[in-house]
Amino acid sequence: MLEDLEERTLHPRAALSSRSRGRDRPEEPDVERPSYQRDRDRILHCKSFRRLAGKTQVFLAPRGDHYRTRLTHTLEVAQVGRSMARALRLNEMLVEAMVMGHDLGHTPFGHAGEQLLDEVVRGGFHHVVQSARVVEVLEKEGRGLNLTREVRDGILRHSKGRGNVLLRGAGQKALTLEAEVVRIADIVAYVNHDLDDALRAGLLSEGDLPAGIRATLGSGRSERFATLVHDVIDTTRLDQGGHVEMSPDVHGALLELRDFLYARVYENPVVHDEFLKAQRILRDLRDWCLENPERLQERHGVVARPGETLERAVTDWLSGMTDRFAIGTWEELFVPRPWSLL
């Protein structure tokens, strides 16, 4: 019934559950849930998803109750993505499944942790690749979640750093339009909530935003969200065979807002100094892990998977840590404790 509902209501170019490219390991269909809903549920119940609650978005291990974490970021991206997908008659459940898995491989301490691992790990490190590894290899005691190919492609396509937001051209083509929605929803969510957190932290005020950004996107979080979401819906022309799009003015203002956040928030000296401390923690932990494999196995149960290196196992362990677990492990290993005669 649910698959038939998709057939009757979604856009002809939407990804249908009944036409999925399938999983690496074939499975019998679920009697109640279409394939993308099943993927969403698997991600929602995995351990890596729960750990997102303890991972930094921008502000490291924040004490305040209202700063975003990777988990709340994921939920906000899902809301934005589903709003776009619903209006465009694309598959909301596929969008949500992609979003729920998109940051599972993110390090503790946000991009500070990612940057450090990228510097010290042979071959580099990127949370997108690690997120795919989490769902394909690491979860369920090494069996992986066996997700559909479409969901895994959406996870791999979401990240853009300071690069292009819109997926255009054959070289960047995603398997589904839903993956294009997720890529845009990610940046729409994070520029707005990171700005909101920066305002809460007192790093800047609403009046610091360049006038051009405020004139195009609006003043205030709700107005900016509405402008960006509505622009995607109004500009995209799926009937004409196009990509998920934004108008030039709004797209340009979005990129300008991203650059503003890099200059005033992400690279702010106050925030950056804390990033350096976080990187020191991960560097020390990594060095300690690689010094003595037997000690690492005995104390933390970390061992290399068959056919893989110890460095790979250590990278998996470190990238899976929450902020507080990383800080606590570092303190346990490197901070002297008072001697007790008890």
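Residues numbered from 1 in each chain as written. Predicted model: local features only at pLDDT ≥ 70, side-chain atom pairs only at ≥ 80, totals over all residues. Heavy atoms only, no water.

Within the chain one finds 16 helices and zero strands. Against the 2.2 N^0.38 benchmark of 20 Å for 342 residues, the chain shows a C-alpha radius of gyration of 21 Å, consistent with a compact globule. Dimensions along the principal axes, computed over C-alpha positions, put the chain at roughly 75 × 55 × 35 Å. Split into buried and exposed, the 342 residues of the chain put 51% on the buried side. The averaged location of the 54 negative side-chain charges in the chain is 2 Å from the averaged location of its 49 positive side-chain charges. (Helix = DSSP H or I, 4+ residues; strand = E, 2+ residues; numbered from the N terminus. Rg over C-alpha atoms; globule rule 2.2 N^0.38 Å. Buried < 20%, exposed > 50% of the residue type's maximum accessible area, 1.4 Å probe, protein only. Lys, Arg positive; Asp, Glu negative; His and termini not counted. Charge placed at Lys NZ, Arg CZ, Asp CG, Glu CD.)

Compared with the 36 Å implied by 1.5 Å per residue over 25 residues, the 36 Å span of helix 9 (residues 177–201) between its first and last C-alpha is a close match. Within helix 9, 22 of the 25 residues are buried, leaving the element largely enclosed by the surrounding structure. Following helix 9 by one or two positions, Gly202 has its phi on the positive side, about 80 degrees. (Expected span 1.5 Å × (residues − 1).)

Turning our attention to the nonpolar core. In a soluble, globular protein the nonpolar side chains are often hidden away together inside. Ranked by internal contacts, the top residues of the largest apolar core, which has 73 residues, are Ile184 and Leu257. Per-element accounting of this core gives the leading share, 13 residues, to helix 9. If we skip the residues at most four places from it in the chain, Ile184 touches Met84, Val165, Leu166, Val232, Val244 and Met246. Judged by nonpolar contacts, the second largest core, of 20 residues, contains Leu282, Trp288, Trp317 and Ala326. (Core = buried A, V, L, I, M, F, W, Y, C linked by side-chain atoms within 4.5 Å. Contact = heavy atoms within 4.5 Å.)

Time to look at the packing of helix 5 (residues 92–101) against helix 8 (residues 149–157). It is at 8 Å that the axes of helix 5 and helix 8 come closest, and there the two elements cross at 50 degrees. Relative to helix 8, the element helix 5 is oriented oblique. As helix 5 packs across helix 8, the resulting crossing turns out to be right-handed. On helix 8, the residues that touch Leu94, Ala97, Met98 and Gly101 of helix 5 are Glu150, Val151, Gly154 and Ile155. Looking at side-chain class alone, the contact of helix 5 with helix 8 contains five nonpolar, two polar and one charged residues. (Axes fitted to C-alpha atoms, helices over the stretch in contact; angles between N-to-C directions. Parallel < 35°, antiparallel > 145°, perpendicular 65-115°, else oblique. Left-handed = near helix turned anticlockwise from the far one by under 90°. Nonpolar A, V, L, I, M, F, W, Y, C, P; charged D, E, K, R; others polar.)

Our next topic: the packing of helix 7 (residues 127–142) against helix 15 (residues 310–319). At a closest axis distance of 12 Å, the pairing of helix 7 and helix 15 adopts a crossing angle of 105 degrees. The orientation of helix 7 relative to helix 15 falls into the category roughly perpendicular. Where helix 7 abuts helix 15, its residues Gln130, Arg133 and Leu138 lie against Arg312, Asp316 and Ser319. The residue makeup of the contact of helix 7 with helix 15, split by class, is one nonpolar, two polar and three charged.

Phi at Arg89 is positive, roughly 60 degrees, even though this residue is not glycine. Take Arg89: it is sitting in the loop between helix 4 (70–88) and helix 5. We classify Arg89 as partly exposed; its relative accessible area is 39%.

Before going further, it helps to spend a moment on the pattern of salt bridges. Inspection of the entire model under this criterion finds 38 salt bridges. Note that Arg264 is salt-bridged to Asp208, the shortest N-O span being 3.7 Å. Taken together, the positions of Arg264 in helix 12 (residues 248–266) and Asp208 in the loop between helix 9 and helix 10 (211–217) put the pair 56 residues apart, joining distant regions of the chain. On the basis of relative accessible area, Arg264 is assigned to the partly exposed category, the value being 31%. Accessibility expressed as a relative area gives 32% for Asp208, which makes it partly exposed. Arg305 is paired through a salt bridge with Glu308; the nearest N and O atoms lie 3.8 Å apart. Exposure remark for Arg305: the relative accessible area of 30% places this residue in the partly exposed category. (Salt bridge = Lys/Arg side-chain N within 4 Å of Asp/Glu carboxyl O.)

A separate point is the packing of aromatic side chains. This model, assessed by the stated rule, comprises three aromatic pairs. With a centroid separation of 4.9 Å and an interplanar angle of 85 degrees, the aromatic rings of Tyr262 and Tyr266 are classed as edge-to-face. Taken together, the positions of Tyr262 and Tyr266, both in helix 12 and four residues apart, correspond to about one turn of that helix. Grouping residues by exposure puts Tyr262 and Tyr266 together as buried. Judged by centre distance (6.3 Å) and plane angle (85 degrees), the rings of Trp317 and Phe325 are edge-to-face. Taking relative accessible area as the criterion, Trp317 reaches 18% and is therefore assigned buried. (Phe/Tyr/Trp six-rings, centres within 6.5 Å; stacked < 30°, edge-to-face > 60°.)

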